[in-house]
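One letter stands for each residue in the lines below.
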Amino acid sequence: MDSLIALVNRIQRACTVLGDHAGDAALPTLWEALPSVAVVGGQSSGKSSVLESIVGRDFLPRGSGIVTRRPLVLQLQKTEQGLQDYAEFLHLPKKRFTDFSTVRKEIEDETNRLTGKSKQISPVPIHLSIHSPNVVNLTLIDLPGLTKVAVEGQPESIVQDIENMIHSYVDKPNCLILAITPANQDIATSDAIKVSRQVDPAGERTFGVLTKLDLMDKGTNARDVLEGRSYRLRNPWVGIVNRSQADINKNVNMIAARRHEREFFATSPDYSHLACQMGSEYLARILSKHLESVIRTRIPGIASLINKNIDELEAELACFGRPVAVDARAQLYTILELCRDFERVFKEHLDGGRPGGDRIYVVFDYQLPAALRKLPLDRHLSLQNVRKVISEADGYQPHLIAPEQGYRRLLESSLSYFKGPAQASVDAVHFVLKELVRKSIAETQELKRFPTLQAEIAAAANDALERFREDGRKTTLRLVEMESSYITVDFFRKLPQEVDKGRNPTPSSVDQYAEGHFQRIGSNVSSYIGMVSETLRNTIPKAVVYCQVREAKRSLLDHFYAHLGKKEERQLAQLLGEDSVLSERRQQCAKRLELYRSARDEIEAVSWSG
């Protein structure tokens, strides 16, 4: 019967080692799902003495006021007869304590490590396991004693802090409550019973314990409480007689203390009829038996929780990817697979499977046309500037029919303005592609494990994008220069020609004619530039896509692949060096998965055998 509790103890201990003991309300951890016993009572109610009586060892710190300042998770594990008692702390996993006075000192030191030597408290538990043939398998959680006022050295909030800490344990439906109350105190004023009534009003998971029965005033007794008349619980009340302070000072051992306790109940006229149901040994037995029974009834729910956690851990472990290969060929294959995964994600961004590629279209459909519209062509083809350019182009000999050189200079200077939007389009698409490379690396799940490989892929991809940008810049500038290199003469031949009416103009009409002449030249050049602008609006995107986007899809990592084949095994291994944080998370996930699988197998085996 003890094997199931021993199994739960092992699972809880393993959960604590792996940090799997602090879940949320939506998904309780395995540690929280496993039943345990919380020891609750007011200060100086005798909690420590009860625990020492159950263990049969003197090992807890003593003193006045608040002594227990951190929860103590005490796991008792029964060993074979003849073996020596020993204790182990979770924070000192390789050290066994056989001298229990040093256990007390270690509890004090570990408490002070977090709280200092003040009277502060901490919710961080101390985990202690005691192995002995004289104990029953049991998990007890000793909590700070309830108090009503803060004393010197304590914060004003300590009363509420202790209550909150206790409720963080006893509120859980899987927690049994060991409510400690001194017999010389009115049960109606019991701090422990008050907490129990709040969370367990039916008394189904509360065990009432009366201490200090031997210290009651003569002529009084606690039979009404022990027989369940004063305050009824589903489980029996148990009376305890602890060692007196004088016994403690005389180092009376637990064997003698237990014998004295049995004699007290057997010879007491008030309690002799209850003697077989009193004492620390009986309390330990019924707690162990009840805990084993509760665990057995909880097995289906525990198994369901374990299976759910296994599914989630397996999915999480799958996200971390398979173990890194040690063979050079396998490493190369892994790197190539990861690169292909990255390229697939990158292409999905460009082709529309993932967001981002649409920003390139925005460059062509909005940014480029807007830049073309903002070119200062109106100012450049103003009447003043046209007159200036035409006059300077003719030199000392004015043109006879059409200002050929002036037209060409106006056209060439106007067309040079298109270089800015062309290069801006190339740069804008380049930055979009760089951002898509960054996002694609981040979204390639398994690449997260390998920061060195991530950096190498990012560097290779960005180098390639720089080459593509340079090709795009050269190509788009060539498009502009091609327009400057050869003017479409048919455009100007089809323009309506000025008709000479044969009249001798007056000086004022000559000025008017000259102004209209230059206006007409500016208008003709503006019309031609408009035609070229429409052409470049269509051809610049084609050049950018051909030189940058198309090449990024086709050959983004070609140079990386060429150099990858020349790398030695040591260099390949460096590329597959895992991120330390992710590696740690992966190891923890694997350990927790192993714990849950082992727990499932053991619980199933024990439940079938029962």
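Below you will find a few notes about this structure.

Conventions we followed
- The numbers attached to residues start from 1 for each chain and follow its sequence in the written order.
- It should be noted that, the model being predicted, local features are given only for residues of pLDDT at least 70 and side-chain atom pairs only at 80 or more, the latter also being counted only at that level, while totals for whole chains, interfaces and linings use all residues.
- Side-chain measures here rest on the full set of heavy atoms in the structure, leaving out hydrogens and waters.
- The secondary structure listing takes helices from DSSP runs of H or I that are at least 4 residues long and strands from runs of E that are at least 2 residues long, numbered from the N terminus.
- A helix is expected to span 1.5 Å for every residue after the first.
- Any residue under 20% of the maximum accessible area for its type is buried, any over 50% is exposed, and the rest in between are partly exposed; the area is computed with a 1.4 Å probe on protein chains only.
- Throughout, a contact is declared for two residues whenever any of their heavy atoms are within 4.5 Å.
- At least two DSSP bridges between two strands are required for those strands to pair.
- Here a pair means two rings of Phe, Tyr or Trp (six-membered ring of Trp) with centres within 6.5 Å. Their orientation is stacked below 30 degrees between planes, edge-to-face above 60, and tilted elsewhere.
- For the purposes of this section, nonpolar cores are sets of buried Ala, Val, Leu, Ile, Met, Phe, Trp, Tyr and Cys residues that join through side-chain atoms within 4.5 Å.
- The term polar contact refers here to a pair of N or O atoms within 3.5 Å; inside protein, the definition further demands a hydrogen-donor-capable atom paired with an acceptor-capable atom, and it admits residues adjacent in sequence only when both atoms are side-chain atoms.
- Only the contacting stretch of a helix is used when fitting its axis, a line to C-alpha atoms as for every element, and angles between N-to-C directions run 0 to 180 degrees.
- If an angle is under 35 degrees, it is roughly parallel; if it is over 145, roughly antiparallel; if it lies from 65 to 115, roughly perpendicular; otherwise it is oblique.
- Crossing handedness: left-handed means the near helix sits turned counterclockwise from the far one by under a right angle, and right-handed means the same turn made clockwise.
- Any residue outside Ala, Val, Leu, Ile, Met, Phe, Trp, Tyr, Cys, Pro, Asp, Glu, Lys and Arg is labelled polar, Gly included; the first ten of those are nonpolar and the last four are charged.

## Section: helix 5 (residues 158–170)
Over its 13 residues, helix 5 runs 18 Å from end to end, which matches the ideal 18 Å to within 8%, given 1.5 Å per residue. Three or more residues of helix 5 are buried, namely Ile158, Val159, Ile162, Met165, Ile166, His167, Tyr169 and Val170. Buried positions along helix 5 lie against strand 1 (36–41), strand 6 (138–142), strand 7 (175–182) and helix 6 (191–199).

## Quick notes on the environment of Tyr486
Tracing the sequence through the fold places Tyr486 in the loop between helix 17 (451–485) and helix 18 (489–493). In the structure, Tyr486 is positioned 118 residues away from Leu368 in sequence and 23 Å away in space, judged by C-alpha atoms.

## Some remarks on the pairing of strand 6
Burial analysis of strand 6 places five of its five residues in the buried class, the great majority of the element. Of the two faces of strand 6, the one carrying Leu138, Leu140 and Asp142 and the one carrying Thr139 and Ile141 are both buried. Of the strand pairs in this sheet, strand 1 and strand 6 are connected by three bridges, and their pairing is parallel. Directly across from Val37, in strand 6, lies its bridge partner Leu140.

## Overview of the packing of aromatic side chains
In total, this model carries 10 aromatic pairs according to the counting rule given. When the centroid spacing of 6.3 Å and the interplanar angle of 35° are considered together, the rings of Phe264 and Tyr271 count as tilted. Seen in terms of ring centroids, Phe491 and Phe492 are 5.4 Å apart; in terms of plane orientation they differ by 80°. Their pairing is edge-to-face. The pair formed by Phe491 and Phe492 is uniform in burial state, with each residue classed as buried.

## Section: the nonpolar core
Among the nonpolar cores identified, the biggest contains 65 residues, and Ile335, Leu453, Ile457, Leu556 and Phe560 are the most heavily contacted of them. Broken down by element, the residue count for this core peaks at 12 residues, all from helix 19 (residues 507–555). Sequence-distant contacts of Leu453, defined by excluding residues within four places in its chain, comprise Ile335, Leu338, Leu447, Phe560, Leu575 and Leu576.

## Section: helix 6
Taken together, the buried positions of helix 6 are Asp191, Ala192, Ile193, Val195 and Ser196. Looking at the buried residues of helix 6, the elements they touch are strand 1, helix 5, strand 7 and strand 8 (206–211). Between the side-chain oxygen of the N-cap and the backbone nitrogen of Ala192 there are 3.4 Å, and the N-cap of helix 6 in question is Ser190.

## Side note on the packing of helix 14 (residues 383–394) against helix 15 (residues 404–415)
At a closest axis distance of 8 Å, the pairing of helix 14 and helix 15 adopts a crossing angle of 130°. The angle between helix 14 and helix 15 falls in the class oblique. Helix 15 is crossed by helix 14, and the crossing has right-handed handedness. Of the residues in helix 15, those touching helix 14 at Val386, Val389, Ile390, Glu392 and Ala393 are Gln405, Gly406, Tyr407, Arg409 and Leu410. Considering only residue class, the contact of helix 14 with helix 15 consists of six nonpolar, two polar and two charged.

## So, the sheet that holds strand 7
Spatially, 4-3-5-2-6-1-7-8-9 is the arrangement adopted by the nine strands of the open sheet, whose pairing is mixed. Unpaired on one side and paired on the other, strand 4 (92–97) and strand 9 (238–239) mark the two borders of the sheet.

## Remarks on the environment of Ser280
Looking at the element boundaries, Ser280 is found in helix 10 (residues 280–320). With 99 residues separating them along the chain, Ser280 and Thr181 place their C-alpha atoms 14 Å apart. Every residue in contact with Ser280, bar those within four places of it in the chain, is listed here: Ser53, Ile54, Ile240, Arg258 and Glu261. A distance of 3.1 Å separates the side chain of Ser280 from the side chain of Glu261, its partner in a polar contact.

## As for the side chain of Asn235
Relative to the elements of secondary structure, Asn235 occurs in the loop between helix 7 (223–226) and strand 9. Of note is the side chain of Asn235, whose polar atom sits 3.1 Å from the backbone oxygen of Thr206. When near neighbours in sequence (up to four residues on either side) are disregarded, Asn235 contacts Gly203, Glu204, Arg205, Thr206, Phe207 and His290.

## Structural notes on the environment of Val55
You can see Val55 is positioned in helix 3 (residues 47–55). In this structure the C-alpha to C-alpha distance between Val55 and Lys566, which are 511 residues apart in sequence, comes to 67 Å. Contacts of Val55, omitting those with residues within four sequence positions, involve Leu74, Leu76, Ile130, Asn134, Val135 and Arg258.

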